[in-house]
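Read off the chains here:
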Amino acid sequence: MPVEYVEFEAARQAKGLRMIVVPGIPSPWSEAAKGIFHVKRLPWKAVALDSNSDAMADWAKERSGPVAFFDDEPPRASWPQILLLAERLAPQPALLPADLRDRAQVFGLAHEICGEQGLIWERRLQGVHAGLTDAAGGFPKPVAEYLSGKYGYRAAEAARHPGRVVALLEMLAGILHAQRSAGSRFFFGDRLTAVDVYAATAMAMFKPLPPEQCPMMEFIRPTLEAMDAATSKALDPILLEHRDFIYHEFLELPLTL
Ligand SMILES: N[C@@H](CCC(=O)N[C@@H](CS)C(=O)NCC(=O)O)C(=O)O
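Our subject in this report is the structure included herewith.

Cut-offs and rules
- Residues numbered from 1 in each chain as written.
- Predicted model: local features only at pLDDT ≥ 70, side-chain atom pairs only at ≥ 80, totals over all residues.
- Heavy atoms only, no water.
- Near = heavy atom within 4 Å.
- Polar contact = N/O pair within 3.5 Å; in protein donor to acceptor, adjacent residues only side chain to side chain.
- Areas by Shrake-Rupley, 256 points an atom, 1.4 Å probe, with all protein chains shown as cover.
- Helix = DSSP H or I, 4+ residues; strand = E, 2+ residues; numbered from the N terminus.
- Nonpolar A, V, L, I, M, F, W, Y, C, P; charged D, E, K, R; others polar.
- Domains from an automatic or database assignment.
- Pairing = 2+ DSSP bridges.
- Axes fitted to C-alpha atoms, helices over the stretch in contact; angles between N-to-C directions.
- Disulfide = S-S within 2.5 Å.
- Buried < 20%, exposed > 50% of the residue type's maximum accessible area, 1.4 Å probe, protein only.

Attention now goes to the site of the ligand. Near the ligand you find 15 residues, and of these Gly65, Arg124, Tyr146, Lys150 and Tyr151 are the closest. Gly65 is positioned such that a nitrogen or oxygen atom in its backbone is 2.8 Å from a nitrogen atom of the ligand. Here the ligand has 510 Å² of accessible area as a free molecule, and 87% of this is covered by the chains. Within the residue set of the shell around the ligand, elements represented by two or more residues are α6 (119-132) and α7 (141-150). Class assignment of the residues belonging to the shell around the ligand gives a composition of 8 nonpolar, 5 polar and 2 charged. Each of two domains, domain 1 (8-89) and domain 2 (100-250), supplies a minimum of three residues to the shell around the ligand.

What follows deals with the sheet that holds strand β1 (residues 17-21). Strand order in this open sheet of 3 strands is β2-β1-β3, and the pairing throughout is mixed. Each edge of the sheet is formed by a strand with only one pairing partner; in this case those strands are β2 (45-48) and β3 (67-70). Sheet twist, expressed as the mean angle between neighbouring strand axes with direction ignored, is 20°. Of the strand pairs in this sheet, β1 and β2 are connected by 4 bridges, and their pairing is parallel. Bridging from a neighbouring strand, Met19 pairs with Ala46 of β2.

What the rule picks out here adds up to 0 disulfides. We note that Cys114 lacks a disulfide partner, and the nearest cysteine sulfur, in Cys214, lies 17 Å from it. Residue Cys114 is classed as buried on the basis of its relative accessible area, which comes to 4%. Assessed through its relative accessible area of 1%, Cys214 is described here as buried.

Structure below.
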């Protein structure tokens, strides 16, 4: 079932589960949250983010997506909050292990993908820096300027981003290789966890799914795919094989952007 989009005011007045999502691009934070709801068969309504809307910002306390709402509870804008809400509303299938040590590992890995200084955060800042400095592969300058103010770009830290992106890709690929040797196609244990969803959706920042599966604003695709030789080498095929496996077996295709 494709995602059902409704007008903002209708969503604000509704009960149940609603979520503001980023339209037009396969933004990993939004696509992961959508994927988690899909895996759990949670019914929900989507609202396209309009970061210029003061009324939407007043509701969401944010000008970014995703932001999830359940009934009259406060908005949830961070990936762990949204994951925990989904776990509460639909405990099965669980995307977090019950064992607390395992759960801590899954959360740790998820942070290294989604959180500040994690893979997609660093990758975005890498594209922002390239865009601001007219280097190859950056976001178009107005986009880079917009994102730089919003997501913690600091020129003094920009030298860190490329190496961190490479190291994180290598770390994730290393886990998948070890798991494959142990007979598993998943990041953790032998079944789907939230990390699989985050890692699969994160690949959009390197190699978005083809247009028939991911109909997006095509002008941004070359920016997402641009990478230097070291990043290209670190983008081990096992990461894209894992993405394809997770999308085909567990997530919804084509994406509804
Ligand atoms: N708040 C989220 C991250 C949200 C985020 O980075 N959203 C970006 C994704 S590209 C966004 O909304 N971009 C569109 C915009 O800023 O207008 C979290 O920390 O889990």
